[in-house]
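One-letter residues, chain by chain:
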Amino acid sequence: FTVHVIGDGYSETGGKGTEITYSGTSYALMVNGYTTLEKFRVSCGTVGWYGIRFGSETSPKPWTGAARDLYITGATNGGIYATAIQLGYMENVISRTNVGPGMKVDTADNTLGLFVRCSFKENGDEGIYYNNIAEFRYMGCDIESNGKEGVRSTVTGNIDNTWEVC
């Protein structure tokens, strides 16, 4: 089955458009299977653990879909939690001002992800934190002004990430 979550846009400062506000101790959204996410803001108010988790440890495990025009902010452990992105496409996804990293890549179940004009900036920790191997491609992405490194990896050996500037 296919799920589409489509809002009517967002404002970086909130108050306009579609906003999901979350203050629990897990994920504001967890998506797997084929899911499309478009045009909304996820605000965790420095309380919620993660804004959006892509993929699951149970079946259907991977997220295969598209995410466009999203703004994720205020998550304590990370704006995006990449558990199993397989053939995922993200465009203009902004993960900004999270307490933790903009995106945490945490399992070997991430295979191929394409990030186009995404932004990981002004986060308390890293812009992107790799705790496991992933084959992701980044085109025209903005990773700057984070509290720690722009990109950090604890992976030993070969990590296959390609940075392309368009």
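Student: How do you make sense of the side chain of Ser-43 when you look at a structure like this?
Tutor: As for its placement among the helices and strands, Ser-43 is situated in strand E4 (residues 34–43). For Ser-43, a relative accessible area of 12% gives the class buried.

Student: I would appreciate a short explanation of the packing of aromatic side chains in the present structure.
Tutor: Remark: the centre distance and the inter-plane angle together describe each pair of aromatic rings, the angle taken between the planes. In this structure the tally under the stated criterion is eight aromatic pairs. Relative to Tyr-50, the ring of Tyr-27 lies with its centre 5.6 Å away and its plane at 25 degrees, an arrangement referred to as stacked. Placement of the pair is Tyr-27 in strand E3 (residues 27–31) and Tyr-50 in strand E5 (residues 50–54), with a sequence separation of 23 residues. On the accessibility criterion, Tyr-27 (21% relative accessible area) is partly exposed.

Student: Please clarify how unusual backbone geometry should be interpreted in this entry.
Tutor: Apart from glycine, the bulk of residues carry a negative phi angle, and the bulk of peptide bonds sit in the trans form. A positive phi angle, near 60 degrees, is found at Leu-87, a position not held by glycine. Classification of Leu-87 by relative accessible area gives exposed; the value is 58%.

Thresholds, definitions, all that
- Residues numbered from 1 in each chain as written.
- Predicted model: local features only at pLDDT ≥ 70, side-chain atom pairs only at ≥ 80, totals over all residues.
- Heavy atoms only, no water.
- Helix = DSSP H or I, 4+ residues; strand = E, 2+ residues; numbered from the N terminus.
- Buried < 20%, exposed > 50% of the residue type's maximum accessible area, 1.4 Å probe, protein only.
- Phe/Tyr/Trp six-rings, centres within 6.5 Å; stacked < 30°, edge-to-face > 60°.

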